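Each chain, letter by letter, is given below.
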Amino acid sequence: MKIFKLIASAALAITPIFLAPSIASAQTLEERGMTSSYVGAGVAAGVTNGGQQNDAATFGGNVQGRYAIPNSQVSVRGAALFGGDSTALIPTVTFDAPIAKNTNVYVGGGYAFQTNEGYASQLGNKNSPVVTLGAESQVTQNVVVYGDAKWGINAYKNSSADAISLQTGVGYSF
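Residues numbered from 1 in each chain as written. Predicted model: local features only at pLDDT ≥ 70, side-chain atom pairs only at ≥ 80, totals over all residues. Heavy atoms only, no water.

### Quick word on the pattern of salt bridges
This is how it is decided: Each salt bridge in this description consists of a side-chain nitrogen of Lys or Arg and a carboxyl oxygen of Asp or Glu lying within 4 Å of one another. Secondary structure elements follow DSSP: runs of H or I no shorter than four residues count as helices, runs of E no shorter than two count as strands, and numbering proceeds from the N terminus. Only protein chains enter the calculation, and the probe is 1.4 Å; a residue is then buried if its accessible area is under 20% of its type maximum, exposed if over 50%, and partly exposed in between.
Considering all chains together, one arrives at five salt bridges under this definition. Between Arg77 and Asp96 there is a salt bridge whose closest N-O contact spans 3.1 Å. Here the residue Arg77 occupies a position in strand β3 (residues 74–82), and Asp96 occupies one in strand β4 (residues 88–100), the gap between them amounting to 19 residues. Given the relative accessible area of 8%, Arg77 is considered buried.

Okay, structure coming up:
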């Protein structure tokens, strides 16, 4: 099962590399995709549980941010998923692929740090590696909408279960 997770993670991470050249060849990144950074807030829903006590699926909120590295398709991101008995703090690095004017899809990886290990958050109840896949679009000069899924690998204590959390929100771009 672990080899399947590793293969799936690798596939998610490299797929945009093959898609991006065909997307970017028609227009420059400034004409396609979103290049700004932002900070936003919204809702987050854990959709899994680990089958033990203190690991139920949890609904709450999120605060997420993106720092777009200039002249690159790489971003540094951070997220805080809150509302359960623990808050998940998740730094990630993503590859951003432009798909339309002011719109990107992104895939990347990072690590979830639980503020209260052993207690439920939207992304499990223990520290774990995370793969993220999402989309973002700048809808006006300073307003961004975003949505993503986070996959916490082996994210529950006393269980080999993975966690999945879905987030969406609105941000201020700068």
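### Re the confidence of the model for the protein
Put simply, the rule reads: Values of pLDDT, the confidence the predictor places in each residue, fall between 0 and 100. Here a residue-residue contact requires only that any non-hydrogen atoms of the pair lie within 4.5 Å.
When pLDDT is averaged across the protein, the result is 86; 80% of the residues are at 70 or more. Low pLDDT, under 50, characterises residues 10–27; the stretch is placed with 15 contacts to residues that sit more than four places away or in other chains.

### Side note on empty space enclosed by the protein
The criterion, for reference: Method remark: on a 1 Å grid restricted to protein atoms, a set of points is classed as a cavity if a 1.4 Å probe fits but cannot get out and as a pocket if it is open with protein on both sides within 12 Å along at least five of seven lines; lining residues have an atom within 4 Å of a point. Grid points are joined across faces, edges and corners, and a volume is the space filled by probe spheres set on the points. Polarity classes work like this: nonpolar for Ala, Val, Leu, Ile, Met, Phe, Trp, Tyr, Cys and Pro, charged for Asp, Glu, Lys and Arg, and polar for all others, with Gly in that last group.
For the coordinates displayed, the defined rule picks out two cavities of 30 Å³ or more. In this model, the largest cavity occupies a volume close to 60 Å³. Every residue lining the largest cavity is listed: Tyr38, Gln64, Gly65, Arg77, Gly78, Ala79, Ile90, Thr92, Tyr106, Thr132, Asp148 and Lys150. Residue assignment for the lining of the largest cavity shows that the elements contributing at least two residues are β2 (59–68), β3, β4 and β7 (143–152). Considering each element in turn, the lining of the largest cavity owes the most residues, three residues, to β3. Counted by class, the lining of the largest cavity contains four nonpolar, five polar and three charged residues. Reported here for the second largest cavity is a volume of approximately 30 Å³. Along the walls of the second largest cavity sit 11 residues, with Thr48, Ala56, Ala57, Ser121 and Tyr156 positioned nearest its centre. Grouping the constituent residues of the lining of the second largest cavity by class yields four nonpolar, six polar and one charged.

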